[in-house]
Amino acid sequence: MTLGGFILKNALRNKRRALLSVLSVAVSLFLFITLQVALRELTQPPEDLGSSLRIIVRNRVSLVSPLPARQLQVIEKIPGIVAVTPFTFFGGLYKGDERFTSFAQFAVDPVRVKDVIIDAKVDDTEYASWVADRTLCIVGLDTARRYNLKRGDRMQFTGTFFPCDLDLRVAGFYHGTADDRTVFFHQRYLDEALGNPGTVGCWWARAASPEDAALVTARIDQAFANSSAEVRAETERAFQLGFISMWANIKVLIGSICTVVVFTLLLVTVSTMSMAIRERFRELAVLKALGFRRRELLGFILAESFGLSMLGAVLGAGGAWLLYRNLDIQKLANGVFLAFEVTPRMMGMAFAIAALLGIFSAIGPAFSVARTSVVEGLRTLD
Amino acid sequence: MRRISTASLMSLHIVPIVFIRDLSKLYRQGDINIAALHDVSLDIASGEFIVLMGPSGSGKSTLLHIIAGIDRPTHGSCRVQDTDVARLNESQLADWRNRNVGFVFQSFNLIPVLTAFENVELPLLLTGLNASRRRQQVTTALNLVGLGDRQDHLPRQLSGGQEQRVAIARALVTDPPLIVADEPTGNLDAKSATDVLEILRNLSQQAGKTVIMVTHDPKAAAYGTRQLHLEKGEIVV
Ligand SMILES: Nc1ncnc2c1ncn2[C@@H]1O[C@H](COP(=O)(O)OP(=O)(O)O)[C@@H](O)[C@H]1O
Ligand SMILES: [Mg+2]
């Protein structure tokens, strides 16, 4: 037998209790990691150059109020603007979807959009055929894969927001953006289906440089001030952050849940560990009599509680890491999360919490063992 | 004159192992001091089998604990083999106990999750002996108490008498000069008690160990080479 073997036998002497304390650490750290990942994914959209160049122009009244199509000529001429396209959210239901379709459909100007969404990569022939036929659409590669779509396939959408349906065919696919799920089709198709109302949902424009963007948004706002359709222009990044600020309360909520989880875990582990040691007080006194020193007993206790909580961390945090790596979160969360990534920092935090738990729960018992003399310890009844 | 053992008289003067002078142990109880031991002086020779008797609360365990280095006196000195035990600090004392004292308790005090072999091996883990030397010593100790065939049994798979013999093997595995036993037969039936007492006697007679045993049982006391009676913290002749 080695000292390590002795520690192991002690840790496993009450197998059910050892299992329960490992599991409580594991489950709590799994929850902790899940919450941390959710928090990060909700508050940190993928940052790319495009999102600080792109400018979203919407109706000042609300996101759903349309804008007059004639604004195009004005925006186009504003200095610092490179390109601009209508960008109308259709929000239809695809195929069997009854209440919600997880990918968006936007009506755009197929020629102009190429200079606005510059990160999208499309095959030249596919692009050319899309531009030539207003009943065709370009589909994000993720959506194409998910529904196993091929060129020429039909895509039908039932309108929910607009009083018309779409009947499109796939011209080709794009990829390379932060979110390769959207379906793009012709604004003119939508105009015709609606009887040419002369409106669009929003404008998407591209500024020449990120430095220009702030100035350009101010110019756009100004251009339509005091008109019948005042607008609000902001960079895509600012637009995303605006949504995220709605999540601020959620952030506080998740933060407090995490704190409570960790604190409860601390209480549970500390009391389990002190129970485990109190039961063994007499044996520890015997070990002292046999010549084991305080620091060796402290080592035993620490190794035991540290070992149990670290095992919990390996199961809980490691399990979360493995699970979220192999999980198709887009499908599972209906597209709310594009990714669900466990970062090294979160793993580090989980293991640090486990280490602290191990140390904290050893302190109390170790202290009382050190303070108790052999004679006192021997006198305690089993 | 024939009542006095010549052997123990001689050894007392030749190889003394425990010197106790004016030893007192006081416990404070509110405003008054209770003397568990009061000015005890005593010499024990190497190889003696000392039996401590006396009524409950007379200070037998306290005396045993001080000699064995798990308790400290309030006054006086206790030297074991030229070591003033009271002067050692905690960790020196632990080390000293490991090398010099073997403990046998009334309630055996084996570690329940360890086999007989592992229980006996426990004190050797502090010695730096390699695994094969440890195995050799543990086997020898278990054979000595007649349990060579029970190495892999857990304490709960052994009878009380066998458990106590494992405890004795654990006490002698480091080959300490001093073995202390506090009512070792208190929880045993007559047959097992005899086995244990014979082993202790052999340890003193054949292996030259100094054995100090506390007991209430006059039959057990008869195994010793010298009986000491304690009353109210003092040795009475
Ligand atoms: N921790 C303690 N606090 C107060 N009194 C104690 C303590 N330990 C022992 N005593 C007292 O010391 C005396 C001797 O105790 P002990 O040596 O255990 O007696 P014995 O072993 O002969 O029965 C008893 O009166 C006991 O009550
Ligand atoms: Mg006693």
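Residues numbered from 1 in each chain as written. Chains lettered and ligands numbered in written order. Predicted model: local features only at pLDDT ≥ 70, side-chain atom pairs only at ≥ 80, totals over all residues. Heavy atoms only, no water.

Overview of the sheet that holds strand S6 (residues 101–104) of chain B
All names here are of chain B. Spatially, S6-S7-S8-S3-S9-S10 is the arrangement adopted by the six strands of the open sheet, whose pairing is mixed. Unpaired on one side and paired on the other, S6 and strand S10 (234–236) mark the two borders of the sheet. When strand polarity is set aside, the average angle formed by the axes of neighbouring strands in this sheet is 25 degrees. Summarising the sheet, strand S7 (residues 178–182) and strand S8 (residues 210–214) pair through five bridges and their orientation is parallel. Note that in S8 the partner of Ile-179 across the bridge is Val-211. Across the sheet, helix H3 (residues 90–100) touches S6 and S7, and the angle it forms with S6 is around 80 degrees. (Pairing = 2+ DSSP bridges. Helix = DSSP H or I, 4+ residues; strand = E, 2+ residues; numbered from the N terminus. Axes fitted to C-alpha atoms, helices over the stretch in contact; angles between N-to-C directions. Contact = heavy atoms within 4.5 Å.)

Side note on the sheet that holds strand S1 (residues 16–29) of chain B
Residue and element names in this part refer to chain B. Strand order in the open sheet made by the four strands is S2-S1-S4-S5, with antiparallel pairing throughout. If you trace the sheet from one side to the other, it starts and ends with strand S2 (32–45) and strand S5 (83–84), each paired once. One ladder, built from ten bridges, connects S1 with S2; its direction is antiparallel. Looking across to S2, one finds that Tyr-27 is bridged to Ile-34.

Comments concerning the packing of helix H2 (residues 15–43) of chain A against helix H14 (residues 344–371) of chain A
All names here are of chain A. With their axes 10 Å apart at the nearest point, H2 and H14 run at an angle of 150 degrees to one another. As for how H2 packs across H14, the hand of that crossing is right-handed. Facing Val-25, Leu-29, Phe-32, Ile-33, Gln-36, Val-37 and Arg-40 of H2, the residues of H14 in contact are Met-346, Met-347, Met-349, Ala-350, Ile-353, Ala-354 and Leu-357. For the contact of H2 with H14, the per-class residue count stands at twelve nonpolar, one polar and one charged. (Left-handed = near helix turned anticlockwise from the far one by under 90°. Nonpolar A, V, L, I, M, F, W, Y, C, P; charged D, E, K, R; others polar.)

Points about unusual backbone geometry
Residues and elements named next belong to chain B. One non-glycine residue, Asp-82, adopts positive backbone phi at about 70 degrees. Inspection of the secondary structure assignment puts Asp-82 in the loop between strand S4 (75–80) and S5. In this structure, Lys-232 takes a positive phi of about 50 degrees despite not being glycine. The residue Lys-232 is located in the loop between strand S9 (226–231) and S10 in this model.

With respect to the site of ligand 1
Within the structure, ligand 1 sits among Arg-379 of chain A together with Tyr-27, Ala-36, Pro-55, Ser-56, Gly-57, Ser-58, Gly-59, Lys-60, Ser-61 and Thr-62 of chain B. Residues within reach of ligand 1 are spread across chains A and B. Between ligand 1 and Gly-57 of chain B there is a distance of 2.7 Å, counted from an oxygen atom to a backbone nitrogen or oxygen. Within the contact set of ligand 1, an oxygen atom lies 2.4 Å away from a side-chain nitrogen or oxygen of Thr-62 of chain B. Here ligand 1 has 560 Å² of accessible area as a free molecule, and 68% of this is covered by the chains. Looking at the shell around ligand 1 element by element, the count peaks at three residues for helix H2 (residues 60–67) of chain B. When its residues are assigned to classes, the shell around ligand 1 shows three nonpolar, six polar and two charged. (Near = heavy atom within 4 Å. Polar contact = N/O pair within 3.5 Å; in protein donor to acceptor, adjacent residues only side chain to side chain. Areas by Shrake-Rupley, 256 points an atom, 1.4 Å probe, with all protein chains shown as cover.)

Notes on the interface of chain A and chain B
By a frequent convention, interface size equals the accessible area lost on bringing the separate parts together. If you look at the interface, chain A gives 21 residues, while chain B gives 25 residues. Taking both sides of the interface into account, the surface hidden between chain A and chain B amounts to around 2200 Å²; carbon and sulfur atoms contribute 66%. Where chain A meets chain B, there are eight residue pairs in polar contact (both at pLDDT 80 or more). Broken down by secondary-structure element, the contributors of at least two residues to the side of chain A that touches chain B are helix H1 (3–11), helix H11 (281–290), helix H12 (294–325) and helix H15 (374–379) of chain A. (Buried area = accessible area lost by both parts, 1.4 Å probe.)

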